[in-house]
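Structural characterization, general
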Amino acid sequence: MGEETGWEGTPLSLEDAMGQAQFLEMYGGAVQSAMEITKGIIERLEAKYRREILSGISGRIKTPESVGRKLIKKGCDVTLENAVSRLNDIAGVRVTCYFLDDVYELARHLKKHSQVRFLKEKNYIEKPKASGYKSLHLIAEVPVTVQNREMWIKTEIQIRTLAMDFWARIDHRLCYKKEVKSSKSIQKDLREYAEIISRVDVQMLSLRKRIDAL
Ligand code: 0O2
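Residues numbered from 1 in each chain as written. Predicted model: local features only at pLDDT ≥ 70, side-chain atom pairs only at ≥ 80, totals over all residues. Heavy atoms only, no water.

Moving on to the sheet that holds strand β5 (residues 149-161). Pairing is mixed in the open sheet, where five strands are placed in the order β1-β2-β5-β4-β3. The open sheet terminates on both sides in strands that have one partner only, identified here as β1 (54-61) and β3 (117-123). Between one strand axis and the next, the sheet turns through 25° on average, direction left out of account. Note that strand β4 (residues 136-146) and β5 share 11 bridges and pair antiparallel. Directly across from valine 142, in β5, lies its bridge partner isoleucine 153. Sheet contacts for helix α5 (residues 100-111): β2 (91-97), β3, β4 and β5; angle to β5, the most-contacted strand, approximately 165°. (Pairing = 2+ DSSP bridges. Helix = DSSP H or I, 4+ residues; strand = E, 2+ residues; numbered from the N terminus. Axes fitted to C-alpha atoms, helices over the stretch in contact; angles between N-to-C directions. Contact = heavy atoms within 4.5 Å.)

Right under this line is the structure:
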């Protein structure tokens, strides 16, 4: 999408530009496409292993407010062009799996899928964020048909375990993006809880393996 203009050639606000039909078709299509590809892989894995893998999947287009905030944080002007070129997660999908090994297996299949152009991985499971946040992020392009033309749209697919999701959701509610900075002791406790949860995650996986072997 080039420079968007509205009535009498005046530049559109980010909110108006993101509300345009073509933008919604592109990014809404990308969310749908990434979700369908992911669900297809999971269905095949669930049939192969004869157990449930997916706990939940959701998708969203980032709101103009959130896009604006992120661009400002990155030191960029708040324009549609910057949003499209600088942000990886205008289209975002979040996948929650029951177990840690499923997170990596799903990521492996996504990366080599014919309908996915894999760009980059951010492994916050191996290297958690300073907050304690853990998740595996894949940045990839997925195909979308817009006005009879195929386009590849950048999408962020966040994959994590149910336990990681539990931590992230509570952190999101209590601390993440809050204007008031939490104290050092609260930050330390949150990191510690992330570690406790992570240990339980590993133990649950080993429990499942013991049960699988019965
Ligand atoms: P929201 O509301 O979830 O959309 P980059 O441009 O790639 O260098 P970017 O995009 O900031 O940097 O990517 P990063 O840091 O890899 O991942 C950002 C996303 O991860 C966030 O999106 C959150 O969804 C999630 N995330 C990262 N850190 C935390 C954390 O400490 N706690 C929680 N709960 N989630 C986290 P947004 O756009 O910030 O938010």
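Structure shown, so let's carry the discussion forward.
Following the sequence through the fold, arginine 208 ends up in helix α7 (residues 184-212). Under the relative-accessibility criterion, arginine 208 is labelled buried at 11%. Here aspartate 101 takes part through its side chain, which lies 2.8 Å from a polar atom of the side chain of arginine 208. Arginine 208 has contacts with Arg51, Phe99, Asp101 and Asp102, leaving out every residue within four places of it along the chain. (Buried < 20%, exposed > 50% of the residue type's maximum accessible area, 1.4 Å probe, protein only. Polar contact = N/O pair within 3.5 Å; in protein donor to acceptor, adjacent residues only side chain to side chain.)

In this section: the site of the ligand. Neighbouring the ligand are 19 residues; Lys62, Lys74, Lys122, Tyr124 and Lys129 lie closest to it. Within the side chain of lysine 129, an N or O atom sits 2.4 Å from an oxygen atom of the ligand. Surface burial for the ligand is 85%, taken as the share of its 770 Å² of free accessible area covered by protein chains. Comparing atom positions with the cavity grids shows the ligand to sit within the largest pocket. Counting residues per element, the shell around the ligand draws most heavily on helix α6 (residues 162-174), at three residues. Taken together, the residues of the shell around the ligand sort by class into four nonpolar, five polar and 10 charged. (Near = heavy atom within 4 Å. Areas by Shrake-Rupley, 256 points an atom, 1.4 Å probe, with all protein chains shown as cover. 1 Å grid on protein atoms, 1.4 Å probe; cavity = no way out; pocket = protein on both sides within 12 Å on 5 of 7 lines; lining within 4 Å. Sits in = over half its atoms within 2 Å of the grid points. Nonpolar A, V, L, I, M, F, W, Y, C, P; charged D, E, K, R; others polar.)

To find leftover empty space, one rolls a probe the size of a water molecule over the atoms. Taken as a whole, the largest pocket spans an internal volume of roughly 1,800 Å³. In terms of lining, the largest pocket is formed by 47 residues, of which the most central are Lys70, Lys73, His172, Tyr176 and Lys177. Elements represented by at least two residues in the lining of the largest pocket include exactly β1, α3 (64-73), β2, β4, β5, α6 and α7. Per-element tally for the lining of the largest pocket: the top contributor is α6, with seven residues. Residue composition of the lining of the largest pocket, grouped by class: 14 nonpolar, 12 polar and 21 charged. (Points joined across faces, edges and corners; volume = space filled by probe spheres on them.)

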